[in-house]
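# Tertiary structure, described
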Amino acid sequence: MSDRVPFTFDGVSLEGRYGESLAAALMGAGYTDFRQTRTGHARSIFCGMGVCQDCLVNVDGKPNQRACMTKLEKSVSVESEIFGRPLPAVAEGQPFKLIDDVPEESPEVLVIGAGPGGLSAAIAARRSGARVVVADERPAPGGQYFKQVLVDGRDVAPPDRQHLEGRRLIETALKLGVEIRNNMDVWGAFGPNDLVATEAGFIRRFSPQRLVVATGAYERGVPVPGWTLPGVMTTGAAQTLWRSYRRLPGARILIAGNGPLNMQVASELKDGGAEIAGVVELAEMPLLKSISALSRMAAAAPRLVRDGLRYRSRLSDVPIVYGSAITRIAPSENGLTVQVSSYPDAGKTGTRTFEVDTVCLGYGFQPSNEILRALGCEHVFDSQRGQFVAVLDDKCRTSVENVYSLGDCTGLGGARVALSNGRIAGWAVAEDLGHAPPPSNELDQERRNLSRHQRFQAALWELYAAPRPKIDLASPDTIVCRCEEVTVSQIQDVLKSENPSIGDLKRATRAGMGSCQGRYCGPILSELVAASKGQPPDDSVRFAPRMPVKPVCIADIARIAKP
Amino acid sequence: MTGPTGTEPTVAHPDLPEIGILIIGGGIVGSCLAGFLAKEGLDVAVVDSGWAGGTTANAGSLHVQMQSIFLQRFPHLVHRLEASLGLYKSAAAYWSDFQKELGADCEVKVNGGLMIAENQEQLDFLAKKAKREAELGLEVDVLDRASLDRIAPYLGPAVIGAELCAHEGKVNPLLANKAIRAWGKTHGAVRLAEERVLQLTADKAGFRATTARGQIKAGKVVLAAGYESMALAAQLGVHVPTRADPLHMNITEGTAPFITHLVQHANRPITLKQLGSGQAVIGGGWPAELGAPGRIPVVKLSSMVGNLSLAQHIIPQLSPLRVIRTWAGINTGVDGCGVIGAAPSVSGLYFAIPGDAGYTLGPLTARLAADCIQGRAPGEDISSCDPDRFTAI
């Protein structure tokens, strides 16, 4: 099979690599404007992982397809999506059907998410004798941390050690008989044994005996002037373009935010041939006081520290601006003009300006806990990390019977913690189902591993500790809700005048009513509403959980014959 | 004085110790009524157990013709529904006037409503229904497929004909609720959210409503609390048999406007329309679960699948649109008619409960209730809504 696939974009003939995402193919061809919003503004790839809904394109007449999640496998006609474009004529609908017509599968265990944690849980449960199905929305397993190289070709750089570790995990799962179902979007959780998904355009129900939620995380939204411009994306989006599709997000790139991922991605993109204009880090430069954190990290996970130092040394000629944040991104003749100032105290050092074509924003993550919330699993607010974390027992059982959860969707811990907790959860699920428990020495060993990884994470957070920007990097006219284009001043007007609930704020401004379902603005608004009420954030200041947890096409709900 | 449990002393409500007229329920009816009474210079406040615009959600359909789902579910109440058809017609028309009163664009559109038929039997049912509705004063017509092609080409090939009711339409509830709240505030209506009335008592001096924060003394009380009015009225020894109908709703992402009517089905539950935002709002009678008191009702997968499957079956062009959100709203039913006016046995107690299509009937119900409270003759015949018609407890 040829590794090249022809396609058209707005009538122009282009060529992409077989298996890459449409977003990657378009970026490779030099296109950044993917769609137009209601107000006529251009948008492009932002999250790169199917969450933000900003890269929507029209594919062979089918509207609102996520370019980052659509695989280029055959010649297709792609058009930039324009808000309010008339729907295509559809001659005939599907016959009217009821829920009883929908095929239902009853595995012993359903794992949602094929990242490190989900795969690890599936392997442990399967080894103990359980029948396991893993559902994952993406075209290939691995999640974010173990995303695989999904394209071939002479110009494609070979996989690195992280890829290979992921590949071994995937192969182990498959060899053991774990059923991994990709392109399976679980969009509804109506009960622990009442899940609904679409798989390649067909609706499916699952009634598992046990449910394991391992849905990972997505990048936190931090509104700053210009963050909706094409050319501005999350660090994770840039990493996916490179690690999975071997496409660079741009030629000259500025990476900003908080945490170790930014440094890793800067190093990877530089190896891939991009020019890194700088890395802007919220945390202060590691100094003597960090030695304790570093030594604890080295003791807990020497290899990860070596990786970190390697990334840093690859960036020896790249300016690293500590204690700072991007304060403005504006279009310029050749790309983007970016202002960087010290943060939180803007006057501490002078403002620097960068001329680049691409900006990556990586301010840490928010747990993808939509399914857990829909099921009513208990959460508490972690004020230090600014996120809700799931309440779990020491075997990853949630507060809801038969629902287990682990990994970054429960509160952030990173891939190593997810791998470890995956084993513990997988064993617990199997044992609770009546299968054999793991040898006690293995469980003890895993608990020691887990606490070592947790020590590493704690020290890492100490190293990167920094004040967390909410909307203080934004101007009054900066968009907070990307989907409905709601600005800071519109939000503040409502907050000032009426002591509103989060629901009032949503209904008054439409913030959170768009296609990303409030994933980027929701966490910010929750904290603002809590602050205006003078209370710590709790469930009452969050958007109510709503189905579907991801937008789902009406045709896919109605198409219920076996493919 | 004692509190809700009957033992502890009750303090006066810190924000609202006393008010002339207390409206319990801040949904479409209570919000409009507060505005009308405040505009007349009365001392009025509205309390709601939840949030602005009503705790339970609404979808903004302007219903007039008899809904097939009601006829199927409550055949014994058809005569009651027929008795209030005139009110439905007036209420839908009143939305246009009320929008002017609000001075805001709430996307009130009266383009007519279509109840579609997929086979001859359904079309015959519609013909019979239309005949009866015409006798009762509605402007209705039964259309064949060729006529539908001219006015509603978006309907799919499954549809063979439809009843058109000229009085029907839609309103954007988000815009309307926001405008009503602002309008009420301008006229001085006091509004308290997240204040559930736990106990309601009456004596010669007037009423006392107790919330978690304290006691509110009121000269008059209006029950505009939808299905929760029954329990509140019972505390005063008055029987009003309200019924909660939790219903499923879906909303899609936006697209170009192409569905001009309110669309329903002759034999299956569906109400479908497109908002000014281009979003299709799809609901119309698929059940949800009520859930615990004070909690939002919970949607059901079976309703979501059935409702959306039916939507694309009758309007195939909707197929590629994505659903971005579902929710459940609570419709309040009584006996096919609303409950409007003074309570029979408790002086100073009034009802403002609109009956089966609460949002359609809301502003008019509020206006009529205001007339009753002010001792004016209401501008419509509300004899079918007399609170005196139920057997006392």
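Residues numbered from 1 in each chain as written. Chains lettered and ligands numbered in written order. Predicted model: local features only at pLDDT ≥ 70, side-chain atom pairs only at ≥ 80, totals over all residues. Heavy atoms only, no water.

From N to C terminus, chain B includes 10 helices and 18 strands. A globule of 393 residues ought to have a C-alpha radius of gyration of about 21 Å, and chain B, at 21 Å, matches this closely. For chain B, the spread of C-alpha atoms along the principal axes amounts to about 70 × 40 × 40 Å. Within chain B, the proportion of its 393 residues that are buried is 62%. For chain B, long-range pairs separated by at least 24 residues make up 73% of all intrachain contacts whose partners lie at least 6 apart in sequence. Here chain B displays about 14000 Å² of accessible surface, and carbon together with sulfur accounts for 54% of that area. Across chain B, the centroid of the 33 positively charged side chains sits 3 Å from that of the 36 negatively charged ones. (Helix = DSSP H or I, 4+ residues; strand = E, 2+ residues; numbered from the N terminus. Rg over C-alpha atoms; globule rule 2.2 N^0.38 Å. Buried < 20%, exposed > 50% of the residue type's maximum accessible area, 1.4 Å probe, protein only. Contact = heavy atoms within 4.5 Å. Areas by Shrake-Rupley, 256 points an atom, 1.4 Å probe, with all protein chains shown as cover. Lys, Arg positive; Asp, Glu negative; His and termini not counted. Charge placed at Lys NZ, Arg CZ, Asp CG, Glu CD.)

Take the overall build of chain A next. Of the regular secondary structure elements, chain A holds 14 helices and 31 strands. Expected size for 563 residues packed as a compact globule is a radius of gyration near 24 Å; at 23 Å, chain A falls within 12% of this value. Its C-alpha atoms give chain A principal-axis dimensions of roughly 65 × 65 × 60 Å. Residue burial in chain A is summarised as follows: out of 563 residues, 60% are buried. A sequence separation of at least 24 residues applies to 66% of the contacts in chain A between residues at least 6 apart. Of the accessible surface of chain A, which amounts to about 21600 Å², a share of 50% is contributed by carbon and sulfur atoms. Side chains of chain A carry 65 positive and 63 negative charges; the gap between the two charge centres is 4 Å.

Taken together, the contacts link 44 residues of chain B with 56 residues of chain A. Taken together, the links from chain B to chain A amount to 1 salt bridge. For D504 of chain A, the salt bridge identified is with R181 of chain B, shortest N-O distance 3.9 Å. There are 15 residue pairs in polar contact (both at pLDDT 80 or more) connecting chain B and chain A. Partitioning the side of chain B that touches chain A into residue classes produces 22 nonpolar, 13 polar and 9 charged. In this sheet, strand β16 (residues 322-333) of chain B lies alongside strand β31 (residues 552-553) of chain A in antiparallel orientation, the contact comprising 2 bridges. By the bridge assignment for β16 of chain B, C553 of chain A is matched with R322 of chain B. (Salt bridge = Lys/Arg side-chain N within 4 Å of Asp/Glu carboxyl O. Polar contact = N/O pair within 3.5 Å; in protein donor to acceptor, adjacent residues only side chain to side chain. Nonpolar A, V, L, I, M, F, W, Y, C, P; charged D, E, K, R; others polar. Pairing = 2+ DSSP bridges.)

Right, let's get into the nonpolar core. Formed by 58 residues in total, the largest nonpolar core has its most connected members in I23, L33, W95 and F98 of chain B. Of all the elements in the fold, those that place two or more residues in this core are β1 (18-24), α1 (28-39), β2 (44-47), α2 (68-73), α4 (85-102), α7 (173-186), β18 (349-353) and α10 (358-373) of chain B. Residues A23, A25, I45 and V151 of chain A belong to the second largest nonpolar core, which totals 55 residues. (Core = buried A, V, L, I, M, F, W, Y, C linked by side-chain atoms within 4.5 Å.)

Before going further, it helps to spend a moment on the sheet that holds β31 of chain A. One open sheet holds the 9 strands; their spatial order is β31(A)-β16(B)-β12(B)-β15(B)-β14(B)-β13(B)-β4(B)-β6(B)-β5(B), and the pairing between them is mixed. Single-partner strands in this sheet number two, and they are β31 of chain A together with β5 (140-144) of chain B. Here 4 bridges tie strand β4 (residues 113-117) of chain B to strand β13 (residues 262-265) of chain B, and the two strands are oriented parallel to one another. Within β13 of chain B, the position partnered with L114 of chain B by the bridge is V263 of chain B. Contacts from helix α9 (residues 301-314) of chain B reach β31 of chain A together with β4, β12 (243-254), β13, β14 (271-274), β15 (279-283) and β16 of chain B, with the element oriented near 55° to β12 of chain B. (Axes fitted to C-alpha atoms, helices over the stretch in contact; angles between N-to-C directions.)

Residues and elements named next belong to chain B. In this fold, E107 is placed in the loop between α4 and β4. Within the structure, E107 has its side chain in polar contact with the backbone nitrogen of G276 (distance 3.0 Å). Beyond its immediate chain neighbours, meaning those up to four positions away, E107 contacts Q99, K170, V171, N172, L175, L275, G276 and S277.

Before going further, it helps to examine helix α2 (residues 116-127) of chain A. All names here are of chain A. With 12 residues, α2 ought to run about 16 Å at 1.5 Å a step, and its terminal C-alpha atoms sit 16 Å apart, in line with that. Extensive coverage of α2 is indicated by the burial of 10 of its 12 residues. Along α2, the residues that are buried comprise P116, G117, G118, L119, S120, A121, A122, I123, A124 and A125. The inward-facing, buried residues of α2 contact β9 (109-112), β10 (132-135), α3 (161-176), β11 (179-181), β15 (210-213) and α9 (414-432). At the C-terminal side of α2, G129 shows a positive phi close to 110°. (Expected span 1.5 Å × (residues − 1).)

A word on the sheet that holds strand β28 (residues 403-405) of chain A. All names here are of chain A. Taken together, the 5 strands give an open sheet; going across it, the order is β11-β10-β9-β15-β28, and neighbouring strands pair in parallel fashion. Pairing within the sheet leaves two strands with one partner each, and these edge strands are β11 and β28. On average, each strand axis in the sheet is inclined to that of its neighbour by 20°, with strand direction left out of account. Strands in contact with α2 are β9, β10, β11 and β15; relative to β10, the strand with the most contacts, it is inclined by about 170°. Along the sheet, α9 makes contact with β9, β15 and β28, crossing β28 at roughly 165°.

Here we take up the side chain of S68 of chain B. Residue and element names in this part refer to chain B. In this fold, S68 is placed in helix α2. On the basis of relative accessibility, which here comes to 3%, the residue S68 falls in the buried class. For S68, the side chain forms a polar contact with the main-chain oxygen of H265, separated by 2.7 Å. Separated by 3.5 Å, the side chain of S68 and the backbone oxygen of A266 make a polar contact. Look past the residues within four positions of S68 in its chain and what remains in contact with it is M115, F125, H265, A266 and N267.

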